[in-house]
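# Working through the structure, step by step
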Amino acid sequence: MRRHVVIGVSGGKGGSGKSTVAVNLAISLTRYANRVLLVDSDVESPVDHILLGLERMKIGDIEAFRPRIIEEKCIKCSRCVDNCPEHALVGLPGQLPVLMGELCSGCKVCFYVCPMKVIIEDRVSIGSLYEMVHENLKVIQGELNPGFRQYVNVTVDTIDVAMKLRDEFDYIVIDTAPGTGASIYAALSPADLVLAVTEPTPLGANDLSMLLGLMRKMEKKTYIVLNKADMPGGKKDLIYDVAERYNTSVIFEIPYSEQIMQVYFRGHMVKTGDDGVRKIFDDLARKVLDFL
Amino acid sequence: MPLQIVVVSGKGGTGKTTLSSSLVYLFGAQKFPTVGIDADVEAPDLILALGGGKLINVEEIYESSIATIDYMRCTKCMECINACQFRAIRNLKGYPDIIYELCEGCGTCAIVCPEKVISFKRIMTGRIEVYQTRYGYIVTGRLELGRRNSGLLVDIVRNKARTILGNPDNQVLIIDAAPGIGCPVISSIVGTDYAIIVSEPTESSLNSARRVFELIKHFNIPTGLVINKYDINESFVKIIENWVGNNGIDLLGKIPFDRAVPESYASMIPLLEFARNSSAGQAVLRIYEVLLEKLKALGKLSKGGM
């Protein structure tokens with residue numbers, strides 16, 4: 001077997017079932033492998049610990065640069081103000097610059113342009129890293145601190161920390177945020193295979209096509225997992241049409257099931273003994289392994 | 001001043017777009033000059049929830065820039081890699097290689113480059129689309145795939161939306177935010193008059209609602225909450241109600257699970273036109289009434305002209 005196969009789980013639309021699929025796929029893969037790593041990279045709304053029903057342990061902070069101006073040495077030239085791309089430093093020449101912290105991206109331009117070298121490096125925590133372990137499953141989770149804008153940085157760092165551990169694992173499952181922007185790019189960059197989880201609605205189809213567009217750009221092999229395939233009022237054809245347009249296929253349909261919903265609500269998937277639900281995701285895991 | 005209402009959720013897929021589109025429909029039906037803003041620029045769907053519309057304007061926005069390196073003159077000192085705070089430059093076979101998707105265009109690499117061989121080029125951030133629908137105008141942001149500057153695009157979309165109708169005093173802007181609590185969501189919340197959190201009755205949804213409320217509190221914006229699909233997990237409703245009560249949030253109402261919602265999407269007809277008398281439709285109408293009362297009590301509706 002190839003070492004550390006990386007499977008990304010994404011989908012474009014929020015609430016399409018990414019986390020349910022990622023978490024359950026990871027659990028099912030533990031039956032076929034020695035060690036599985038699940039990475040929760042939805043740093044704005046990380047919930048995999050809730051779905052798994054596991055106590056999470058904080059293993060570190062994710063930090064960003066913050067300028068600190070040594071006021072008594074500042075010559076008030078306003079070079080930092082003029083160069084700050086986020087306009088987070090304000091003030092006129094002759095005035096002491098004031099930092100609007102919530103606008104600061106941590107880019108460090110001010111630090112480098114200050115002719116007096118009186119801007120020094122402060123670090124601010126923009127996110128947290130968590131770890132969970134259950135038998136042969138390990139979970140790394142990143143979480144953005146509320147109030148900070150740098151969700152892409154926190155995603156990049158979370159993926160970075162997780163991928164440093166890759167040699168210890170047979171399979172790595174990356175659960176992503178919804179969307180099609182830079183954080184999805186960062187989260188799926190290491191993926192060998194991407195599963196796009198969607199639902200049979202016009203919104204699901206629209207967001208799926210955007211994600212498939214991004215995956216085409218990234219040259220990632222991507223297959224569709226259709227969640228709630230037979231949901232009331234759903235339209236499966238829409239998804240099959242998108243699949244055809246992007247030259248991929250729906251490799252798995254997850255039924256719209258009261259059982260899966262109940263397991264989701266109870267939120268302790270590692271302990272769930274529900275054979276019906278487990279069997280669905282065991283089947284999905286086998287299907288994914290076939291494609292690798 | 002327009003009345004600006006933002007619909008948020010933390011977690012995705014809780015029903016933001018269903019509620020936002022219904023608010024556009026209802027405010028518009030009451031003769032408010034109404035503009036719906038799709039601020040979920042990585043997955044914009046608001047126009048679909050209103051059954052589509054006529055695309056009357058597309059504007060390409062070039063407000064992003066990315067670093068490019070003149071490799072003829074680059075000495076491979078790798079100073080830029082060390083200086084970049086966004087991990088957007090990697091060492092690719094001995095060369096500094098810019099990962100465009102992660103580049104913020106901030107300029108740090110160019111400042112530290114001793115050979116001054118890094119320059120910047122403007123690239124497209126995304127598009128702004130203006131749609132005319134039977135229910136009002138919709139302004140949609142569409143971020144370029146894999147792009148970083150979603151918050152910036154939301155700022156531009158919101159500014160554009162205000163001008164569509166000539167910015168009349170009584171106009172109502174409904175902002176359908178992205179899921180989450182990051183940059184685009186902050187840009188969606190800033191300066192609004194009222195925020196509505198949409199949550200499902202699950203632990204993960206409430207957990208995300210708590211996080212987005214942290215953000216809203218920071219900006220001191222009056223907040224209401226809607227519980228969507230409340231009857232799929234009724235035992236959890238009480239927990240959300242308690243949290244709402246303890247945090248000074250208005251409980252605007254509860255929407256039951258109703259197949260009329262996905263069916264209205266599938267038919268490309270807004271819920272309130274497709275099935276006004278469905279249980280979900282009726283719940284949304286009640287929520288609208290409660291919202292109007294809350295806005296009146298806050299003195300916000302005079303802003304909207306009523």
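Residues numbered from 1 in each chain as written. Chains lettered and ligands numbered in written order. Predicted model: local features only at pLDDT ≥ 70, side-chain atom pairs only at ≥ 80, totals over all residues. Heavy atoms only, no water.

## Notes on the pattern of salt bridges
A pair can form between side chains of opposite charge whenever their charged atoms are brought close. All names here are of chain B. Scanning the model with the defined rule gives 32 salt bridges over all chains in all. The partner of Arg134 in a salt bridge is Glu273, and the shortest N-O contact between them spans 3.2 Å. Placement of Arg134 in the loop between strand E8 (126-133) and strand E9 (136-143) and of Glu273 in helix H10 (residues 271-274) is noted, with a sequence separation of 139 residues between them. A relative accessible area of 70% means that Arg134 is categorised as exposed. (Salt bridge = Lys/Arg side-chain N within 4 Å of Asp/Glu carboxyl O. Helix = DSSP H or I, 4+ residues; strand = E, 2+ residues; numbered from the N terminus. Buried < 20%, exposed > 50% of the residue type's maximum accessible area, 1.4 Å probe, protein only.)

## Focus on the interface of chain A and chain B
The partner chain B presents 56 residues to the 61 residues of chain A that form the contact. Note on chain A versus chain B: buried area summed over both sides is about 4,900 Å², and carbon and sulfur give 60% of it. For the chain A face of the interface with chain B, the top three residues by lost area are Arg149, Leu203 and Phe265 of chain A, together amounting to 13%. Across the chain A-chain B interface, the total number found is three salt bridges. Among the ionic pairs, Arg87 of chain B bridges to Asp160 of chain A, the shortest N-O distance being 3.0 Å. Elements that contribute at least two residues to the side of chain A that touches chain B include exactly helix H2 (48-52), helix H4 (109-113), strand E7 (137-144), helix H5 (151-164), helix H6 (182-188), helix H7 (202-218) and helix H9 (258-266) of chain A. Tallying contributions element by element places H7 of chain A first for the side of chain A that touches chain B, with eight residues. Here the side of chain A that touches chain B is built from residues that sort into 32 nonpolar, 17 polar and 12 charged. (Contact = heavy atoms within 4.5 Å. Buried area = accessible area lost by both parts, 1.4 Å probe. Nonpolar A, V, L, I, M, F, W, Y, C, P; charged D, E, K, R; others polar.)

## As for the domain arrangement of chain A
Segmenting chain A into domains produces domain 1 (5-59 + 127-291) and domain 2 (71-117). Here the C-alpha centre of domain 2 of chain A lies 41 Å away from the C-alpha centre of domain 1 of chain A. (Domains from an automatic or database assignment.)

## Re the sheet that holds E7 of chain A
The strands making up a sheet associate through backbone hydrogen bonding, with each pair oriented either parallel or antiparallel. Residue and element names in this part refer to chain A. Taken together, the nine strands give an open sheet; going across it, the order is E3-E6-E7-E2-E8-E1-E9-E10-E11, and neighbouring strands pair in mixed fashion. For this open sheet the edge positions go to strand E3 (57-69) and strand E11 (250-253), each flanked by a neighbour on one side alone. The average angle at which neighbouring strand axes cross in this sheet is 20 degrees, direction not considered. Relative to E7, strand E2 (residues 36-40) runs parallel, the two being bridged by five bridges. Note on E7: the bridge partner recorded for Asp40 is Gln141. Running at roughly 170 degrees to strand E8 (residues 171-175), helix H1 (residues 18-29) makes contact with strand E1 (5-10), E2, E7, E8, strand E9 (193-198) and strand E10 (222-226) of the sheet. In this fold helix H10 (residues 275-291) packs onto E1, E8, E9, E10 and E11, with an angle of close to 165 degrees to the strand it touches most, E11. (Pairing = 2+ DSSP bridges. Axes fitted to C-alpha atoms, helices over the stretch in contact; angles between N-to-C directions.)

## Examining helix H8 (residues 237-246) of chain B
All names here are of chain B. For H8, the full list of buried residues reads Val237, Ile240, Trp243 and Val244. Along the axis of H8, the buried positions cluster into a sector of 130 degrees, meaning they face one direction only. Away from its buried face by more than 90 degrees, H8 exposes Lys238, Gly245 and Asn246. Considering only its buried residues, H8 is in contact with strand E11 (194-199), helix H7 (203-218), strand E12 (223-228) and strand E13 (250-255). Where H8 terminates, the next one or two residues include Gly248, which has phi positive at roughly 65 degrees. (Arc of directions from axis to C-beta.)

## Some thoughts on the domain arrangement of chain B
All names here are of chain B. Splitting chain B by domain gives domain 1 (3-61 + 126-297) and domain 2 (64-123). The C-alpha centroid of domain 2 is placed 39 Å from the C-alpha centroid of domain 1. Taken together, the five residues of domain 1 in the interface contact seven residues of domain 2. Between domain 1 and domain 2, a total of about 590 Å² is buried, with carbon and sulfur atoms accounting for 37% of that surface. The three residues of domain 1 that bury the most area against domain 2 are Arg147, Arg148 and Asn149, which together make up 77% of that side's buried surface. Linking domain 1 to domain 2 there are one salt bridge. Between the two partners, domain 1 and domain 2, sit three residue pairs in polar contact (both at pLDDT 80 or more). For the side of domain 1 that touches domain 2, the residue count by class is one nonpolar, two polar and two charged. (Polar contact = N/O pair within 3.5 Å; in protein donor to acceptor, adjacent residues only side chain to side chain.)

## A short note on the side chain of Asp282 of chain A
Note that Asp282 of chain A resides in helix H10. For Asp282 of chain A, the contacting residues outside a window of four places in its chain are Ser28, Arg31 and Tyr32 of chain A.

## Some points on unusual backbone geometry
Residues and elements named next belong to chain B. One non-glycine residue, Lys31, lies in positive phi territory at about 70 degrees. Even without being glycine, Lys93 reaches a positive phi, approximately 50 degrees. Residue position: Lys93 is located in the loop between strand E5 (89-92) and strand E6 (95-98).

## Focus: the packing of aromatic side chains
Counted by the stated rule, this structure contains eight aromatic pairs over all chains. Judged by centre distance (5.5 Å) and plane angle (70 degrees), the rings of Phe27 of chain B and Phe32 of chain B are edge-to-face. Across the pair, Phe32 of chain B and Phe27 of chain B agree in class, each one buried. Members of the aromatic cluster, connected to one another through ring pairs, are Phe65, Phe111 and Tyr112 of chain A. Cation over ring: Lys108 of chain A sits above Phe111 of chain A, and NZ or CZ is 4.7 Å from the ring centre. The ring of Tyr230 of chain B is capped by Lys254 of chain B, whose NZ or CZ atom sits 5.2 Å from the centre of that ring. (Phe/Tyr/Trp six-rings, centres within 6.5 Å; stacked < 30°, edge-to-face > 60°. Lys NZ or Arg CZ within 6 Å of the ring centre and 35° of its normal.)

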